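Structure at a glance
Here is what each chain is made of, one letter per residue.
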Amino acid sequence: MIRRQFAATLLLFVLLVPYAAFGQQPGGQQQPAPDPNDPVVRIKDEGMNRSQVMQTLSYLSDVIGPRLTASPGMKRANNWTRETLEKWGMQNAHLEAWGPFGRGWSLKRFSAQIVDPLNIPLIAYPKAWSPATNGAITGEVVYIDAKTEADLEKYKGKLKGAIVITQGPRELKARFAPLGTRQDEKSLLALADAPAPGGGRGAGGGGGGFRMTPEQRAALNFNQRKLMFAQQEGAAVLADGSRAGDGGTVFVQQASVPAIIPDVAPATPAPRVNVYDKIAPKILPQITLANEHYNRIIRMLQAGEKVRMEVNIAVEWQDADLMGYNTIAEIPGSDPALKDEIVMLGGHMDSWHAGTGATDNGAGVAVAMEAMRIIQTLGLKPKRTIRIGLWTGEEEGLLGSAAYVKEHFGNLEPGNPGVVPPATPNSQPAAPPKLTTKPEYDKFDCYFNLDNGTGKIRGVYMQGNEAVRPIFRQWLMPFRDRPNENIWGANTLSISNTGGTDHLSFDRIGLPGFQFIQDEIEYDTRTHHSNMDVFDRIQADDMKQAATIMAAFVYLTADRAEKIPRKPAPGR
Ligand SMILES: [Zn+2]
């Protein structure tokens, strides 16, 4: 019954609100001018007609460049975002340390080319945190074409000083589908119709462990075994082909620390060793090649050629300060009773190193900063305090936002799943996760995140929080396109979860945290974690639209009489 009543109320609401929101008379041809004093009208005007979002992004991506967590580029971006927010008039702009994270790494020089039997310049990049070579080194390229230990034996004594490759060629097909797409009616309808996320406690989503099949585990372990073997045999460099992409696009992330994954989870799992840990073991220099070049080398080897490659990797390590830093700044609230309540917005500022982190996630940073600038420039004085959080360590596991949430709001200790029936007299009872909170937990209102690239906002993932639907529905009304308009197109609400980014750090402990639905323009096909994650792949109109909508959502949240309703808190 509650559901049906709710639906009827919603229907009435949907019928009435568009006219109210557009200032439009039902059936009337003329549209009275929008009220110029309406905050959302002013936000739209500032965001679309005097935007600075592309200047912000250009400085961050072109001038500062890649921002690997703890690298000099990251430190510079921390300082520049703090100074810029302060210059724009934000209060309490500061860097907040988290960690320790680990070592910074920056690339000083890199080249790779085939030098024998002919000269072939290569499109290639070192993996992040790869060690340096000892100057320019030249070695024979050896393809370890092994599927079993016995196969591996054949390479014993043959890898000293070699450039080792272990993957087979990747078949590349012509591209008949466009690299860039927008959400269409069908995909938006699927999001709108998505079932409520399962999972019991209602929080979270994404981040749920990926379970490998025994075959996948064995394949991964044998690949690790090959890398260890190459290192033990004294190889000079490990090279592979890009995990995806073609046409010169290379997807490249961190160097791997070879390790064998046990079949059964041990009682006390060994602490994971990350390549950026100060105690990380010695590994070989590692590079990734464009697939067309990688495949050619394999074909040359298979034709019986001896292929020699010259590689020069010079790097610099930064280990004086192992902490990571988030950039934080505020627009103070104006209501004496509500100004210590906090509305947050943000995105992660760290990136990978082969591009300039424009898509992932300079775009989200520039949009969130622009949303702050719009609200500040217009002199809007919402009731609650608005706080921007520009996170770092996201690419290594949402580390910066998770640490911030733990420090300020609360922590969810993971439970013990116990033993599923049939239980024995000695089996451990299941222990539920336990939430501990800080005083700021109750003062927190809502967090809005942007981290799916350049594409404009098409709506919001509600993360299983049905109670926000009527609120967000109303807020999206001014962002429906009128007939023959193609600017906004943001009117989809999906009850589903989306994962993989920093709103999860809030959602995990029952705080409202949302990521917008976006057009994923060229995201997985070209830019995300690749050397082509650069400014020129960013679409200015999309960015302005996103910043305007984010500013409106943040402002409306901060000025609302009540806080955004929460899901039941987990672990309570
Ligand atoms: Zn990413």
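The paragraphs below set out a description of the structure included in this document. Position numbers for residues start from 1 in each chain and track the written sequence from start to end. The predicted nature of this model means local features are confined to residues of pLDDT at least 70 and side-chain atom pairs, given and counted, to a pLDDT of 80 or more, with totals for whole chains, interfaces and linings taken over all residues. By convention in this description, side-chain values take in all heavy atoms of the structure and omit both hydrogens and water.

Time to look at the overall build of the protein chain. Secondary structure summary: the protein chain contains 15 helices and 18 strands in total. Going through the 572 residues of the protein chain one by one, you find that 51% of them count as buried. Contacts are assigned to residue pairs with any non-hydrogen atoms lying within 4.5 Å of each other. At a minimum sequence separation of 6, the contacts of the protein chain that also span at least 24 residues come to 84%. With residues, only the protein chains shown are counted as cover, and all accessible areas are computed by Shrake-Rupley using a 1.4 Å probe. As displayed, the protein chain offers around 26,400 Å² of accessible surface, 53% of which is attributable to carbon and sulfur atoms. The helix count covers DSSP runs of H or I at least four residues long, the strand count covers runs of E at least two residues long, and both are numbered beginning at the N terminus. A simple rule labels every residue: compare its accessible area, found with a 1.4 Å probe on the protein chains alone, to the largest value its type can have, and call it buried under 20%, exposed over 50%, or partly exposed in between.

As a further point, take the sheet that holds strand E15 (residues 444–449). In this scheme, strands are said to pair when DSSP sees at least two bridges between them. What the eight strands build is an open sheet, ordered E1-E10-E12-E11-E15-E18-E16-E17; its pairing is mixed. Two strands lie at the open edges of the sheet, namely strand E1 (91–98) and strand E17 (492–494), each paired on one side alone. Mean inter-strand twist for the sheet, computed between neighbouring axes without regard to direction, equals 25 degrees. Under this scheme, a helix contributes an axis fitted over its contacting stretch, all axes are lines through C-alpha atoms, and angles between N-to-C directions fall in the 0 to 180 degree range. Its contacts with the sheet place helix H4 (residues 72–87) against E1, strand E10 (324–331) and strand E12 (385–391), and it is angled at close to 10 degrees to E10.

It is worth spelling out the side chain of Thr 557 at this point. Turning to its location among the elements, Thr 557 is positioned in helix H15 (residues 540–559). Once residues within four sequence positions are removed from consideration, Thr 557 is found in contact with Val 343, Arg 384, Asp 445, Cys 446, Phe 448, Trp 475 and Ile 564.

With that settled, the discussion passes to empty space enclosed by the protein. Two kinds of site are reported from a 1 Å grid over the protein atoms alone, namely cavities, where a 1.4 Å probe fits but cannot get out, and pockets, open sets with protein on both sides within 12 Å along at least five of seven lines, and residues are called lining when an atom falls within 4 Å of a point. Grid points are joined across faces, edges and corners, and a volume is the space filled by probe spheres set on the points. Within the structure shown, the criterion is met by two cavities of 30 Å³ or more. Within this model, the largest cavity holds a volume of roughly 50 Å³. What lines the largest cavity is simply Val 252, Trp 352, His 353, Ala 354, Gly 355, Thr 356, Gly 357, Asp 360, His 529, Ser 530 and Asp 533. Lining the second largest cavity, in full, are Thr 69, Ala 70, Met 74, Lys 75, Asn 78, Met 323, Gly 324, Tyr 325 and Thr 392. Of all the elements in the fold, those that place two or more residues in the lining of the second largest cavity are H4 and E10. Broken down by element, the residue count for the lining of the second largest cavity peaks at three residues, all from H4. In terms of residue class, the lining of the second largest cavity is made up of four nonpolar, four polar and one charged. Residue polarity follows a fixed list, in which Ala, Val, Leu, Ile, Met, Phe, Trp, Tyr, Cys and Pro are nonpolar, Asp, Glu, Lys and Arg are charged, and the others, Gly among them, are polar.

Our focus in this paragraph is the packing of aromatic side chains. The geometry of an aromatic ring pair comes down to the distance between the two centres and the angle between the two planes. Working definition: rings of Phe, Tyr and Trp (its six-membered ring) pair if their centres are within 6.5 Å, and the pair is stacked with planes under 30 degrees apart, edge-to-face with planes over 60 apart, and tilted otherwise. Under the counting rule described, the total for this entry stands at 24 aromatic pairs. Taken together, a centroid distance of 5.4 Å and an interplanar angle of 25 degrees make the contact between Phe 444 and Phe 506 stacked. With Phe 444 in strand E15 and Phe 506 in helix H13 (residues 503–507), the pair connects residues that are 62 residues apart, well separated along the chain. Residue classification places Phe 444 among the buried positions, given a relative accessible area of 0%. Classification of Phe 506 by relative accessible area gives buried; the value is 0%. In this structure, Arg 103 packs its charged tip against the face of Trp 317, placed 4.1 Å from the ring centre. Charges are assigned to positions over rings by a cutoff of 6 Å between ring centre and Lys NZ or Arg CZ, combined with an angular limit of 35 degrees from the ring normal.

All right, on to the coordination of the zinc ion then. The donor set covers N, O and S atoms within 2.8 Å of the metal, switching to 3.2 Å for Na, K and Ca, and it leaves out water, so a site may look short of donors. Protein coordination of the zinc ion is provided by Asp 360 (OD), Glu 395 (OE), Glu 395 (OE) and His 529 (NE2), with donor distances spanning 1.8 to 2.6 Å. Angles of 54 to 136 degrees at the metal separate the four donor atoms of the zinc ion, which places the site in the irregular class. When the donors of the zinc ion are listed by position in the chain, the intervening gaps give D-x34-E-x133-H. On the criterion of sequence distance, the pair formed by Asp 360 in helix H9 (residues 358–377) and Glu 395 in the loop between E12 and helix H10 (399–408) is long-range, its members being 35 residues apart. Angle rules define the geometry names used: all angles between 85 and 135 degrees makes four donors tetrahedral, while opposite donors over 155 degrees apart and all other angles between 65 and 115 make four donors square planar and six octahedral, leaving every other case irregular.

Multiplying 1.5 Å by the residue count of a helix minus one yields the expected span of that helix. Its 12 residues place the ends of helix H3 (residues 53–64) 16 Å apart at the C-alpha level, agreeing with the 16 Å of an ideal helix rising 1.5 Å per residue. When we look at burial in H3, the residues that qualify are Val 53, Met 54, Thr 56, Leu 57, Leu 60, Ser 61 and Ile 64. Residues of H3 that are buried sit in contact with H4, H9 and H15. In the segment just after H3, Gly 65 is the residue with positive phi, at about 85 degrees.

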